[in-house]
Amino acid sequence: MVIDLKEICKDYIQGKDAVPVLKDVNLSVDSGEYLAIMGPSGSGKSTLMNIIGCLDRQTSGTFIFDDSDISVCKDRELSEIRNKKIGFVFQNFNLLPRQSAVENVELPLLYAGVPKKERREMAKEALIKVGLEERMNFKPTQLSGGQKQRVAIARAMVNSPTLLLADEPTGALDTKSGEQVMEIFQNLNDEGVTIVMITHEKEIADHAKRIMYIRDGELSEYSGGETL
Amino acid sequence: MFENIILSFKGILSHKVRSLLTMLGIIIGIAAIIAIVSTIKGTNEQIKNNLIGAGNNTVKIALYRGDGQMDLQYESVPEGVSVIPDEVKKQIKDSDKIKSVSLYRQRSYVDSLYYMNTALNGGSVLGIDEDYFDTTGYKIKSGKGFGKREFTGSVKTAIIDTTAATGLFGGDDPIGKIIDISGEPFKIIGVAVQNSKFEPVINNYEDYQLYNQENSSGQVFIPINSWSVIFKYDEPQNCIIQASDTDSMTKAGKEAVDILNGRLTVSEDSGIKYKSEDQLERAKSLQKLSDSTNTLVICIAGISLLVGGIGVMNIMLVSVTERTREIGLKKALGARKKIILGQFLTEAAVLTSIGGIIGIIAGIILAQLISKFADVPVAISGISIAVSVIFSMAVGIVFGLIPSVKAANLDPIDALRYE
């Protein structure tokens, strides 16, 4: 099992009150799964994603990620898990504007301490996989939205992580580019990569093998009738 | 580390104007310090060269009572002080730090020195031995020097220096003329001039005052054997030595003084002693004076560096805020605190180091301009340049610390969400 969430609660402190954002969330994701989490804005899906991505900590409950108990991990260990086991894809790509595509893809390898030459090789391979070998040395400003997202996917996958975590990966893309991204996700999943994707678009979520629905901090299996 | 430096350069180049303005405080501070230090060093070297080079490593030894030099024109020879015999002169010369030794007698400001009716007021008369000219760097310009006859017998011949020649004879040739010293006639056989290496360099009135304690309105040299014709026969001599090199001047002077003092049989409380007047010591005390006045100026320039450092901190804080998203992303990708901290510290250090280097160049140019327009000598010191680079780097690290820690401690979710 890659992800095992048990009775996860998350409160945010607003003034003097604790506002519950996640209420007793239970979720387990097996290796090789392709899961979409849907929900309206303010439902807590970003918070859930931050917890799964080891960027945030739950208020209570246990979270086992790939056999390690996240709640007892130190800051340094969390950095290592994010670096080696999780690949992030964001809605707004989050590429470093002053660095070329290949340099952006190299970043996680840099933090993992991979030597320079090897790093460049691995980054090139990852870019070839998303079909951008010809735009390797382009700066993000010279790339289209879809191309930027593909660079971001290459960056997420360059360390061969256990989990690909995508937050509205098609949110800033036109339909065609979005379809391309979905195709890449499908291929990765076919290769055995576990994917958890957050979206509020039904058509995008339909690409996943399994869909969950979150509303007011409560997570449930998607039955088809929920409003978004 | 190396990659961080390259990244920092890229970052700095992408904000050229801002980076330059940030560096300005550092540039001004470092430039000021380099210019000031160069000027101080130049002045110090000039003092040293002028004073020490001027004497060509000579050290004068004279008899003192307490702190004042004894003037035998106005007082009698004190008991316990005797004429220095040749053996003692040889003994002094035996030191390997001493190149040559001369014994001489001197009257400063002699008022009865005439040629016909022209008086040489304020001129000095020196009774010299055969080594005096060699030791002090005089050479015969016209006429001839003293020979064996003068140094063995008691011959009334004299050599005058060019100042005295002008004072007494105007443009006329002094050779063969008879001058009158305290009522005794002396025949001038030569005119002597001091080797330029021995002459002090005089650039302005202050220098003139500084070096001119020795120079009177002219010097008249007579053989030491003829001294008793006009003055007291048992007058103890002064001694002048030439040290083998500049650095051993002080020691050579001390050795000679010790030998001479060992011969004195004066009572303890008379305070009579031989003392050496060491130009090296004098140069040092003059340098100290110029150093202390300039320490204050350096402190003021240091404040400018401090202000520059605060400017760097301010801009780094802005930069951290601006790059909050970037920091968040890097953290999400697995960058540890250490990496973020290192990145920002390197950037601050690179920024201030570039500022330091520009400051050094500006400082050198400034120093050259000062030397050109204010006519002050400058010497660029390698140490001050090295210290400046290290110091400016340190300013970057110290003042970059707060912004870097702030960046390293950013919460990745807050950072990613930041717009």
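Conventions used here
Residues numbered from 1 in each chain as written. Chains lettered and ligands numbered in written order. Predicted model: local features only at pLDDT ≥ 70, side-chain atom pairs only at ≥ 80, totals over all residues. Contact = placed C-beta atoms within 7 Å. Helix = DSSP H or I, 4+ residues; strand = E, 2+ residues; numbered from the N terminus. Nonpolar A, V, L, I, M, F, W, Y, C, P; charged D, E, K, R; others polar. Buried ≥ 20, exposed ≤ 12 C-beta atoms within 10 Å, placed from the backbone. Arc of directions from axis to C-beta. Pairing = 2+ DSSP bridges. pLDDT = per-residue confidence, 0-100. Core = buried A, V, L, I, M, F, W, Y, C linked by C-beta atoms within 7 Å. Axes fitted to C-alpha atoms, helices over the stretch in contact; angles between N-to-C directions. Parallel < 35°, antiparallel > 145°, perpendicular 65-115°, else oblique. Left-handed = near helix turned anticlockwise from the far one by under 90°.

Asker: Tell me what's going on with the interface of chain A and chain B, and back it up with residues and numbers.
Answerer: Taken together, the 17 residues of chain A in the interface contact 14 residues of chain B. Looking at the side of chain A that touches chain B, the elements that each hand over two or more residues are α2 (75–85) and α3 (101–112) of chain A. It is α2(A) that contributes the most residues to the side of chain A that touches chain B, six residues altogether. Residue composition of the side of chain A that touches chain B, grouped by class: seven nonpolar, four polar and six charged.

Asker: If you had to explain helix α6 (residues 162–169) of chain B to someone new, which residues and values would you point to?
Answerer: Residue and element names in this part refer to chain B. Where α6 is concerned, the buried positions are Ala164, Ala165, Gly167 and Leu168. Angularly, the buried residues of α6 cover 170° about the axis, an arc narrow enough to put them on a single face. Trailing α6 by a residue or two, Gly170 shows a phi angle of about 60°, which is positive.

Asker: Any details on the pairing of strand β11 (residues 219–223) of chain B? Residues and values, ideally.
Answerer: Residues and elements named next belong to chain B. Of all the five residues making up β11, five are buried; the element is thus mostly covered by neighbouring parts of the structure. Of the two faces of β11, the one holding Gln219, Phe221 and Pro223 and the one holding Val220 and Ile222 are both buried throughout. As paired elements, strand β6 (residues 123–128) and β11 share five bridges and run parallel to each other. Its bridge partner being in β11, Ser124 is matched across the sheet by Gln219. With two bridges joining them, strand β8 (residues 157–161) and β11 adopt antiparallel strand pairing. In the sheet register, Ile159 faces β11, and the bridge partner there is Phe221.

Asker: Help me get a handle on the environment of Pro169(A), residues and values and all.
Answerer: Residues and elements named next belong to chain A. Counting through the fold element by element, Pro169 comes out in the loop between β7 (163–167) and α6 (175–190). What makes Pro169 buried here is the crowd of 27 C-beta atoms within 10 Å. Look past the residues within four positions of Pro169 in its chain and what remains in contact with it is Val89, Gln91, Gln149, Val181 and Met197.

Asker: Explain the confidence of the model for chain B to me, and be specific about the residues and the numbers.
Answerer: All names here are of chain B. With 91% of its residues at a pLDDT of 70 or more, chain B has an overall mean of 84. Highest mean pLDDT in chain B belongs to β8 (92); lowest belongs to helix α7 (residues 205–211) (53). Taken over the whole predicted complex, pTM reads 0.67, whereas the ipTM for its chain interfaces reads 0.90.

Asker: Describe the nonpolar core, naming the residues involved and giving the relevant values.
Answerer: One finds Val105(A), Leu127(A), Ala154(A), Leu164(A), Leu165(A) and Ile195(A) to be the most contacted residues of the largest nonpolar core, which totals 111 residues. Other than its neighbours up to four places away in sequence, Leu164(A) contacts Gly87(A), Val89(A), Ala156(A), Met157(A), Leu188(A), Val193(A), Thr194(A) and Ile195(A). Of all hydrophobic cores here, the second largest spans 50 residues; its members include Leu126(B), Phe133(B), Val257(B) and Leu260(B).

Asker: Can you tell me about the packing of α3(A) against helix α4 (residues 116–129) of chain A, naming the residues and giving the values?
Answerer: Residues and elements named next belong to chain A. For the pair α3 and α4, interaxial distance at closest approach is 9 Å and the crossing angle is 120°. For the element pair α3 / α4, the angle class is oblique. The hand of the α3/α4 crossing is right-handed. Along its contact with α3, which presents Ala101, Val102, Val105, Glu106, Leu109 and Leu110, the element α4 presents Arg119, Arg120, Met122, Ala123, Lys124, Ala126 and Leu127. Counted by class, the contact of α3 with α4 contains nine nonpolar, no polar and four charged residues.

Asker: Can you lay out the packing of helix α1 (residues 2–14) of chain B against helix α12 (residues 337–373) of chain B for me, pointing to particular residues and giving the numbers?
Answerer: All names here are of chain B. Viewed as axis vectors pointing N to C, α1 and α12 meet at an angle of 60°, and their least axial separation amounts to 9 Å. For the element pair α1 and α12, the recorded crossing hand is right-handed. Of α12, the residues touching α1 (which contributes Asn4, Ile5, Leu7, Ser8, Phe9, Gly11 and Ile12) are Gly342, Gln343, Thr346, Glu347, Val350, Leu351 and Ile354. Counted by class, the contact of α1 with α12 contains seven nonpolar, six polar and one charged residues.

Asker: Quick one: what's the story with the sheet that holds strand β6 (residues 86–89) of chain A, residue by residue and with numbers?
Answerer: Residue and element names in this part refer to chain A. What the six strands build is an open sheet, ordered β6-β7-β8-β3-β9-β10; its pairing is mixed. Only two strands of the sheet have a single neighbouring strand rather than two, namely β6 and β10 (218–221). Recorded for the sheet is a direction-independent mean angle of 20° between the axes of neighbouring strands. One ladder, built from five bridges, connects β7 with strand β8 (residues 194–199); its direction is parallel. Directly across from Leu165, in β8, lies its bridge partner Val196.

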